[in-house]
Amino acid sequence: MDEETPRVELTPQAADLVRRLHAEHGPLMFHQSGGCCDGSAPMCYPDGEFRTGGSDVLLAELTVDGVAEPVTFWMSRSQYEAWSHTRLIVDVVPGRGSGFSLEAPEGVRFLTRSRVVDG
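Residue positions are counted from 1 within each chain, in the order its sequence is given. Two thresholds apply to this predicted model, a pLDDT of at least 70 for residue-level local features and 80 or more for giving and counting side-chain atom pairs, whereas whole-chain, interface and lining totals are computed over all residues. Just so you know, side-chain values use all the structure's heavy atoms and leave hydrogens and water out.

- An unreviewed UniProt entry annotates the protein chain as UDP-glucose 4-epimerase of Streptomyces fodineus.

Structure below.
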């Protein structure tokens, strides 16, 4: 993938939600596992609350206007191997995902869309 092409980006709606969650919870991080169902959706946590390790890959440190520190985006290594040729676009859709992601009480959930990129 070209160094100019970001691996992960946020839609304007996702960036707005990140700003709101940051105002309430402080520094944030995303993790996307290789699991099924909601495990394949990006989950948003207070930074450091989800423990990453050797089975995870740091894909991006997202800059969000109005958020002082980068928002890290991690993915399980097994899922990264399948998605390494794509750009990930984090969006927000109506509905309530299950799990511990911070947006669950908001009536929306984060969703990853992907676009194949050259290289």
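1. A closer look at the nonpolar core
Consideration 1: In terms of nonpolar packing, the biggest core is built from 26 residues, with Leu10, Val18, Phe30, Phe73 and Phe110 touching the most fellow members.
Consideration 2: Put simply, DSSP marks the helices as runs of H or I at least four residues long and the strands as runs of E at least two long, and each gets a number from the N terminus on. If you list the elements that add at least two residues to this core, you get strand 1 (8-10), helix 1 (12-25), strand 2 (28-32), strand 4 (56-62), strand 5 (71-76), strand 6 (86-94) and strand 7 (108-116).
Consideration 3: A per-element tally of this core places helix 1 first, with five residues.
Consideration 4: Discounting chain neighbours no more than four positions away, the residues touching Val18 are Leu10, Leu28, Phe30, Val64, Val67, Val71 and Phe110. To form a nonpolar core, buried Ala, Val, Leu, Ile, Met, Phe, Trp, Tyr and Cys residues must be joined to one another through side-chain atoms within 4.5 Å. Three exposure classes are used, based on accessible area relative to the maximum for each residue type with a 1.4 Å probe and protein chains only: buried under 20%, partly exposed in between, and exposed over 50%. The contact criterion used throughout is that any non-hydrogen atoms of two residues lie within 4.5 Å.

2. Concerning the confidence of the model for the protein chain
Consideration 1: pLDDT runs from 0 to 100 and stands for how confident the predictor is about each residue. In the predicted model, the protein chain carries a mean pLDDT of 87, and 87% of its residues have values of at least 70.
Consideration 2: Mean pLDDT across the elements of the protein chain bottoms out in helix 2 (residues 77-83) (86) and peaks in helix 1 (97).

3. Examining helix 1
Consideration 1: In this analysis, the expected span of each helix is defined as 1.5 Å times one less than the number of residues it contains. Compared with the 20 Å implied by 1.5 Å per residue over 14 residues, the 20 Å span of helix 1 between its first and last C-alpha is a close match.
Consideration 2: Those residues of helix 1 that sit buried are Ala14, Ala15, Leu17, Val18, Leu21 and His22. Mapping the buried residues of helix 1 onto a view down its axis gives an arc of 160°, with all of them on the same face. Seen from the buried face of helix 1, the exposed residues on the opposite side, beyond 90 degrees, are Pro12, Ala23 and Glu24.
Consideration 3: On its buried face, helix 1 is in contact with strand 1, strand 2, strand 3 (43-46), strand 5, strand 6 and strand 7. For this quantity, the arc is that covered by the directions from the helix axis to the C-beta atoms.

4. Quick word on the sheet that holds strand 1
Consideration 1: At least two bridges found by DSSP between two strands is the condition for calling them paired. Taken in spatial order, the three strands of this open sheet run 1-6-7, and their pairing is mixed. On the outer flanks of this sheet lie strand 1 and strand 7, each paired with one strand and no other. Going from strand to strand, the sheet's axes swing by 30° on average, the running direction of each strand aside.
Consideration 2: Where strand 1 and strand 6 come together, three bridges link them in parallel fashion. To obtain an axis, a line is fitted to C-alpha atoms, over the contacting stretch when the element is a helix, and the angle between two such axes runs from 0 to 180 degrees between their N-to-C directions.

5. Focus on the pattern of salt bridges
Consideration 1: The salt bridge definition used is simple: a Lys or Arg side-chain nitrogen within 4 Å of an Asp or Glu carboxyl oxygen. Applying the stated criterion to the full structure yields four salt bridges.
Consideration 2: Across the pair Arg87 and Glu9 runs a salt bridge, and its minimum N-O distance is 3.4 Å. Within this pair, whereas Arg87 is found in strand 6, its partner Glu9 is found in strand 1, the two being separated by 78 residues in sequence.
Consideration 3: Here Arg20 and Glu106 are joined by a salt bridge, their closest N and O atoms 4.0 Å apart.

6. Describing empty space enclosed by the protein
Consideration 1: Grid points spaced at 1 Å over the protein atoms alone were grouped into cavities, where a 1.4 Å probe fits but cannot get out, and pockets, open sets with protein on both sides within 12 Å along at least five of seven lines, with lining residues defined by an atom within 4 Å of a point. Grid points are joined across faces, edges and corners, and a volume is the space filled by probe spheres set on the points. A complete count under the given rule lists two cavities of 30 Å³ or more for this structure.
Consideration 2: Roughly 30 Å³ of internal volume is contained in the second largest cavity.
Consideration 3: Within the residue set of the lining of the second largest cavity, elements represented by two or more residues are helix 2 and strand 6.
Consideration 4: For this classification, Asp, Glu, Lys and Arg are treated as charged, while Ala, Val, Leu, Ile, Met, Phe, Trp, Tyr, Cys and Pro are nonpolar and the rest, including Gly, are polar. Here the lining of the second largest cavity is built from residues that sort into four nonpolar, two polar and one charged.

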